[in-house]
Amino acid sequence: MTRYKNIVSELIVTCFFVGKIKYAPGTFGSLLAFPINFLITMLVIKSRILIPIGDYSDFTREFLTVFVAILLSAAILFIIGVINSNIYMKGTNSEDPSEIVIDEVVGQMLTSALTMISVAFVYGSKYGSLVDKAFIDIICFFIMPFVLFRICDIVKPWPIGWMDKNIKGGIGVMLDDVAAAILASILHFAIIFVFI
């Protein structure tokens, strides 16, 4: 039973062995967040189950529903990540091994969700009419959230570095990536507001 539990935990924390990729497993883990967020978005759009709020347009309610669905999914994965990281680290006798990438998935999902609204600011700026909207979408939905999250996760400025060193176990593995997501999101908006 313990062996089975360890195998399941390994599958979960390595995201079906993505974390076992020899080079830059964290980067590949971060990239996994984008198809997950895309699937969540498509499920919301196809299901047409929208948050019932006031007299907002269907588009606004759809946007908010996608935002909430991604946040809830990331929260569930966070809990799953904490539990299974503890099991995996105990089974392998290691502390925050690089093959655990569920933390990068959660961190990137959060960064993408928290920065979603930024595209509206760019559309409304002077660049909105000068630059192709597909280009703006690629920059705001993919490139900036990805690059900024990876920088924050790798460089680990305070308080991320402090969390990484001082908070142990599964919660420590997951929490520093949540902090990296928050910092990356703040930097994302700061950059956008400087340039628009």
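Residues numbered from 1 in each chain as written. Predicted model: local features only at pLDDT ≥ 70, side-chain atom pairs only at ≥ 80, totals over all residues. Heavy atoms only, no water.

Visitor: Give me the lowdown on unusual backbone geometry, citing residues and values where you can.
Guide: Geometrically, the link from W158 to P159 is a cis peptide bond, its omega value of 5 degrees lying close to zero. Structurally, the position occupied by P159 is in the loop between α6 (133–155) and α7 (160–166). Its identity is not glycine, yet F17 carries a phi of approximately 75 degrees, on the positive side. Structurally, F17 is set in the loop between α1 (2–13) and α2 (25–47). Residue F17 is classed as partly exposed on the basis of its relative accessible area of 42%. Non-glycine residue A24 carries a positive phi angle of around 50 degrees. Mapped onto the elements, A24 comes out in the loop between α1 and α2. You can call A24 partly exposed: its relative accessible area is 42%. (Helix = DSSP H or I, 4+ residues; strand = E, 2+ residues; numbered from the N terminus. Buried < 20%, exposed > 50% of the residue type's maximum accessible area, 1.4 Å probe, protein only.)

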